[in-house]
Protein chains: 2
Amino acid sequence: MGASIRRLSTSEPDFLRKLDALLAFEAATDDNIERSVAEILKNVRAQGDSAVLDYTRRFDQLAVADMAALELPAAVCAAALQALPAGQREALEQAAERIRRFHERQKADSWEYEETSPQLAGTRLGQKVTPLDRVGLYVPGGKASYPSSVLMNALPAKVAGVRELIMVTPTPRGEQNPLVLAAAHLAGVDRVFTIGGAQAVAALAYGTQSIPQVDKIVGPGNAYVAAAKRRVFGVVGIDMVAGPSEVLIIADSSANPDWVAMDLFAQAEHDELAQSILLCPDVAFIERVAASIGRQLPEMPRRSVIEASLAGRGALILTRSLDEACDIANHIAPEHLELAVAEPRGLVGKIRHAGAIFLGHYSSESIGDYCAGPNHVLPTSRSARFSSPLGVYDFQKRSSLIEISAAAARSLGAIAATLAHGEALTAHARSAELRTEEEGNG
Amino acid sequence: MGASIRRLSTSEPDFLRKLDALLAFEAATDDNIERSVAEILKNVRAQGDSAVLDYTRRFDQLAVADMAALELPAAVCAAALQALPAGQREALEQAAERIRRFHERQKADSWEYEETSPQLAGTRLGQKVTPLDRVGLYVPGGKASYPSSVLMNALPAKVAGVRELIMVTPTPRGEQNPLVLAAAHLAGVDRVFTIGGAQAVAALAYGTQSIPQVDKIVGPGNAYVAAAKRRVFGVVGIDMVAGPSEVLIIADSSANPDWVAMDLFAQAEHDELAQSILLCPDVAFIERVAASIGRQLPEMPRRSVIEASLAGRGALILTRSLDEACDIANHIAPEHLELAVAEPRGLVGKIRHAGAIFLGHYSSESIGDYCAGPNHVLPTSRSARFSSPLGVYDFQKRSSLIEISAAAARSLGAIAATLAHGEALTAHARSAELRTEEEGNG
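Computed from a prediction, not measured in an experiment: that's the story for all the values here.

1. Some remarks on the relation of the copies chain B and chain A
Here's step 1: When chain B is fitted onto chain A, the two copies agree to an RMSD of 0.0 Å after a turn of 180 degrees and an axial shift of 0.0 Å. The transformation just described matches what one would write down for a two-fold rotation axis.
Here's step 2: Interface overlap between copies: 100% of the residues of chain B at the interface are likewise at the interface in chain A, consistent with a symmetric, same-surface contact.

Right, dumping it as structure tokens:
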């Protein structure tokens with residue numbers, strides 16, 4: 001056995017307090033990391049390539065002659081894809097195609113309209129949508145490096161129309177990850193630099209002699225990368241800094257306890273801080289899941305990680321009803337929500353906050369992680385209350401269009417002047433009034 | 001005279017270096033502010049109402065008995081609107097109506113589709129769009145407090161369907177701004193607390209006994225408010241932290257130099273760090289603008305602020321052509337871009353980065369600031385390269401919908417399992433495989 005996971009019930013008087021304690025997660029800020037990152041950013045900003053080279057030689061133990069040696073030729077990535085076993089290559093290609101197709105539907109278009117009232121004729125308002133020019137994609141080296149994440153980060157940018165997508169990924173002691181390079185080629189990454197850490201984030205944010213400045217940096221990374229991204233935010237855009245991954249499963253007795261247990265494992269195997277929670281109104285079903293956990297756990301290669309995650313952050317929670325389970329789900333605002341119930345369509349309308357919602361018994365999170373089509377980069381740590389999956393909209397931006405006719409400049413100008421005088425901004429008021437007073441222009 | 005503004009020409013060999021020096025702006029981080037804000041956040045989080053009360057008594061010199069005394073009854077805001085002079089009330093109402101109508105067009109809808117290939121029949125994917133539950137709106141006290149900003153921040157949230165919009169605004173020594181309260185009533189703000197500073201941001205981010213926790217905080221504020229917002233980001237969403245306001249005007253000889261000069265003033269009067277830049281290929285027109293600046297400046301009540309802004313951060317720039325002016329505009333990515341040219345439609349397609357684009361001579365920024373309809377909260381400091389005007393989309397979020405049929409669980413599950421094994425995530429693979437192997441469920 002040894003599979004220990006806490007049991008809770010919503011009937012306990014202090015349930016909400018216990019739940020909040022379980023959910024609490026705060027990324028510790030480490031003063032040493034902060035200081036070291038601040039210095040790396042400063043040096044790369046001031047010295048460019050030479051600082052990037054220094055740090056890469058030191059931190060990644062790479063004996064490189066110059067920056068040119070840190071750019072991977074496109075042919076290397078193309079060859080990595082060709083060299084994959086056929087099954088793996090086809091799976092990657094099919095996943096990429098499905099992700100691309102889903103994200104195509106997220107593309108926003110520009111729009112414009114003309115005012116209809118006669119005194120505003122000729123006045124047009126609108127919203128122009130454009131892609132970002134250039135985006136940086138951070139891909140971790142080593143074990144946290146997932147080809148699926150390369151597809152999920154890169155494809156929305158390319159679908160949005162980003163002109164140049166620059167990937168950075170560290171290759172400590174020269175170790176490359178061929179699956180990651182293959183995914184980069186498939187996703188249309190334009191350039192790849194084998195640099196990482198805060199120095200890579202700095203190079204992308206400020207630009208160096210060899211590395212062009214980007215407009216936004218996305219992708220996961222360790223504490224140094226996260227600290228660097230927070231610090232360059234404003235100079236460039238960044239994506240959300242992700243917390244530990246989570247799944248919340250709402251199940252009724254129609255669910256398969258082995259499938260539910262394995263879905264809890266799939267989340268837990270990511271790392272010891274990952275969070276797997278089951279909500280279920282049927283105490284007998286909860287017992288069947290607990291038994292299945294004990295039965296299936298010994299087969300798992302990442303058993304010790306799963307055990308630590310379930311024991312530290314997991315829970316099987318008895319609810320009074322499925323409705324109550326939905327209320328709790330809204331409180332948790334989970335990254336992944338599985339509705340493993342007979343009638344998922346009856347519940348989905350009650351869910352207000354979740355990164356991704358999986359409907360019915362066959363919709364495993366793992367299909368969503370790889371190839372259903374929607375993005376697997378999702379809001380964590382309750383941030384689904386206010387944010388969204390990574391998408392094409394993260395690589396497009398809007399500009400307002402305002403075209404005022406001479407006639408409208410009189411009626412709207414009068415409103416603007418009144419309000420500007422109310423705010424004691426005389427030049428604002430005069431700017432509107434000048435166009436009201438004069439008949440012609442010039 | 002005394003109206004000094006630098007002249008530049010794109011033909012100068014070091015033009016780009018000079019331009020970048022002019023654009024450079026970095027919000028200084030002040031260690032004293034950081035320390036003080038960190039302590040305020042910690043105390044409000046731990047002690048709730050009592051800390052908020054303490055700080056408000058101390059910083060705002062308010063002798064209040066309890067938290068109830070810090071909530072403004074809705075009737076106070078309604079009365080503020082009724083008490084306005086008719087002209088001001090009507091101008092505010094017309095502005096609100098136009099802003100609401102423009103933003104209605106930004107509302108995103110949920111969508112869903114079913115896979116068409118036979119082996120995936122019954123598989124549905126989609127995106128569910130929902131409003132944020134609860135939003136906090138910070139409104140500064142004193143001179144930086146603008147009713148137009150209340151409309152611009154509050155209306156997109158209400159259009160999005162935010163259930164509860166909570167405004168906080170400090171009232172030092174009890175001084176209220178009736179225009180701000182009137183705008184809050186017009187915009188549908190649900191509750192108003194007369195608190196400000198980092199303590200107000202903390203109360204909204206963590207919640208107290210009297211003030212409910214929100215999901216996002218928007219609105220401008222001083223350095224303490226900005227530092228507090230940065231620190232609570234992640235616990236709640238925040239909007240962009242704004243830098244100084246900017247206008248870039250591209251003009252040809254068909255423009256009216258007095259109008260152009262006044263538009264430069266309108267930006268400059270905000271504060272000494274505001275930035276007003278003209279790009280023009282006609283040296284004679286630039287001289288006419290310079291002459292108009294000298295002629296009109298003495299009439300301006302905020303003359304000294306305008307002078308300091310134009311001298312410190314303004315420029316009249318001679319370009320080789322209008323095309324080159326557009327290239328420079330894309331480099332600057334201005335908050336406001338006026339195309340004061342005879343054929344603005346010929347240029348707008350060349351503009352990739354700008355918060356708002358004003359087309360033609362009658363489209364003054366000041367009409368856009370108050371009542372054209374589009375938002376006046378716009379990306380500053382070159383961030384239009386990667387971000388957008390404040391909009392309804394900032395108060396909506398998306399959840400992916402993934403419903404996999406039993407048949408699709410086999411074909412998609414095989415892809416997922418292949419990729420999961422490639423990433424050494426066995427539980428992910430097994431989660432897909434279990435659903436592939438079994439015919440039925442349960």
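2. Some details on the domain arrangement of chain A
All names here are of chain A.
Here's step 1: Each domain of chain A was delimited in the assignment, giving domain 1 (6-25 + 243-372), domain 2 (31-238) and domain 3 (404-437).
Here's step 2: If you average the C-alpha positions of domain 1 and of domain 2, the two centres end up 32 Å apart.
Here's step 3: Counting residues at the interface gives six residues for domain 1 and six residues for domain 2.
Here's step 4: Summed over the three residues of domain 1 that lose the most area to domain 2, namely Tyr370, Cys371 and Ala372, the buried surface amounts to 70% of that side.
Here's step 5: Applying the counting criterion to the domain 1 and domain 2 interface returns zero salt bridges.
Here's step 6: On the surface where domain 1 and domain 2 come into contact, there are two residue pairs in polar contact (both at pLDDT 80 or more).

3. Focus on the packing of helix α5 (residues 86-104) of chain B against helix α7 (residues 178-187) of chain B
Residues and elements named next belong to chain B.
Here's step 1: Look at α5 against α7: their axes get within 11 Å of each other, and the N-to-C directions meet at 40 degrees. Considering the angle they form, α5 stands oblique to α7. Considering how the two elements wind past one another, α5 and α7 form a crossing that is right-handed. For the pair α5 and α7, contact is made by Gln88, Leu92, Glu93, Ala96 and Arg100 and by Leu179, Ala182, Ala183 and Leu186, respectively.
Here's step 2: Of the residues contributing to the contact of α5 with α7, the split by class is six nonpolar, one polar and two charged.

4. Side note on the packing of aromatic side chains
Here's step 1: With the rule as written, the count across this model stands at 10 aromatic pairs over all chains.
Here's step 2: Ring geometry for A:Trp111 against B:Phe102: centres 5.3 Å apart, planes inclined by 45 degrees, an arrangement best described as tilted. Here the residue A:Trp111 occupies a position in strand β3 (residues 111-114), and B:Phe102 occupies one in helix α5, the pair thus bridging two chains.
Here's step 3: The exposure class of B:Phe102 is buried, given its relative accessible area of 1%.
Here's step 4: Aromatic side chains B:Trp259 and B:Tyr362 sit 5.3 Å apart centroid to centroid with 65 degrees between the ring planes, which places their arrangement in the edge-to-face category. Taken together, the residues span a long stretch of sequence, with B:Trp259 in helix α10 (residues 257-268) and B:Tyr362 in the loop between β14 (356-359) and α15 (365-370) at a distance of 103 residues.
Here's step 5: Residue class for B:Tyr362 comes out buried when judged on its relative accessible area of 13%.
Here's step 6: The lysine or arginine in question, B:Arg398, covers the ring of A:Tyr393, its NZ or CZ lying 3.5 Å from the ring centre.

5. Re the side chain of A:Ser364
Here's step 1: Here A:Ser364 is to be found in the loop between β14 (356-359) and α15 (365-370).
Here's step 2: For A:Ser364, a relative accessible area of 0% gives the class buried.
Here's step 3: The contact partners of A:Ser364, leaving out residues within four places of it in the chain, are A:Asp263, A:Glu338, A:Phe358, B:Ser431 and B:Arg435.

6. Here's the deal with the UniProt feature "binding site: substrate" (unreviewed entry) in chain A
Here's step 1: UniProt records the feature "binding site: substrate" (unreviewed entry) for A:Ser245, A:Gln267, A:His270, A:His336, A:Asp369, A:Glu423 and A:His428 in the present numbering. These annotated residues cover 184 residues of sequence, and their C-alpha atoms sit far apart, with the largest distance between any two at 55.9 Å.
Here's step 2: Structurally, A:His270 is set in the loop between α10 (257-268) and β11 (275-280).
Here's step 3: The exposure class assigned to A:His270 is partly exposed, which follows from its relative accessible area of 24%.
Here's step 4: Leaving out residues up to four positions away in the same chain, A:His270 has contacts with A:Tyr146, A:Ser245, A:Arg302, A:Val305, B:Leu425 and B:His428.
Here's step 5: Along the chain, A:Glu423 falls in the loop between α16 (406-422) and α17 (426-437).
Here's step 6: For A:Glu423, a relative accessible area of 10% corresponds to the buried category.
Here's step 7: Those residues in contact with A:Glu423 that lie beyond four places of it in its chain are B:Tyr146, B:Pro147, B:Ser148 and B:Tyr370.

7. What to know about the interface of chain B and chain A
Here's step 1: The interface of chain B with chain A comprises 125 residues on the first partner and 125 residues on the second.
Here's step 2: Of the roughly 11,100 Å² buried between chain B and chain A on both sides combined, carbon and sulfur atoms contribute 55%.
Here's step 3: For the chain B face of the interface with chain A, the top three residues by lost area are B:Tyr362, B:Tyr370 and B:Arg435, together amounting to 7%.
Here's step 4: Here A:Arg385 makes a salt bridge to B:Asp215, at a shortest N to O gap of 2.7 Å.
Here's step 5: Run the count over chain B and chain A and you get 68 residue pairs in polar contact (both at pLDDT 80 or more).
Here's step 6: Residue composition of the side of chain B that touches chain A, by class: 56 nonpolar, 37 polar and 32 charged.
Here's step 7: Where β14(A) and strand β15 (residues 396-403) of chain B come together, four bridges link them in parallel fashion. By the bridge assignment, A:Ile357 is partnered in β15(B) with B:Leu401.

8. Structural notes on the UniProt feature "binding site: Zn(2+)" (unreviewed entry) in chain A
Here's step 1: Following the UniProt record, the feature "binding site: Zn(2+)" (unreviewed entry) maps to A:Gln267, A:His270, A:Asp369 and A:His428 here. What stands out for the annotated residues spanning 162 residues is how far apart their C-alpha atoms range, the widest pair being 55.9 Å apart.
Here's step 2: One can find A:His428 in helix α17.
Here's step 3: Beyond its immediate sequence surroundings of up to four residues, A:His428 is in contact with A:Ala420, B:Ala266, B:Glu269, B:His270, B:Ser366, B:Asp369 and B:Tyr370.
Here's step 4: Within the structure, A:His428 has its side chain in polar contact with the side chain of B:Glu269 (distance 2.7 Å).

So, how was this worked out
Residues numbered from 1 in each chain as written. Chains lettered and ligands numbered in written order. Predicted model: local features only at pLDDT ≥ 70, side-chain atom pairs only at ≥ 80, totals over all residues. Heavy atoms only, no water. Least-squares fit on C-alpha atoms with pLDDT ≥ 70 in both. Contact = heavy atoms within 4.5 Å. Domains from an automatic or database assignment. Buried area = accessible area lost by both parts, 1.4 Å probe. Salt bridge = Lys/Arg side-chain N within 4 Å of Asp/Glu carboxyl O. Polar contact = N/O pair within 3.5 Å; in protein donor to acceptor, adjacent residues only side chain to side chain. Axes fitted to C-alpha atoms, helices over the stretch in contact; angles between N-to-C directions. Helix = DSSP H or I, 4+ residues; strand = E, 2+ residues; numbered from the N terminus. Parallel < 35°, antiparallel > 145°, perpendicular 65-115°, else oblique. Left-handed = near helix turned anticlockwise from the far one by under 90°. Nonpolar A, V, L, I, M, F, W, Y, C, P; charged D, E, K, R; others polar. Phe/Tyr/Trp six-rings, centres within 6.5 Å; stacked < 30°, edge-to-face > 60°. Buried < 20%, exposed > 50% of the residue type's maximum accessible area, 1.4 Å probe, protein only. Lys NZ or Arg CZ within 6 Å of the ring centre and 35° of its normal. UniProt positions renumbered as here; feature names shortened; annotations may be inferred. Pairing = 2+ DSSP bridges.

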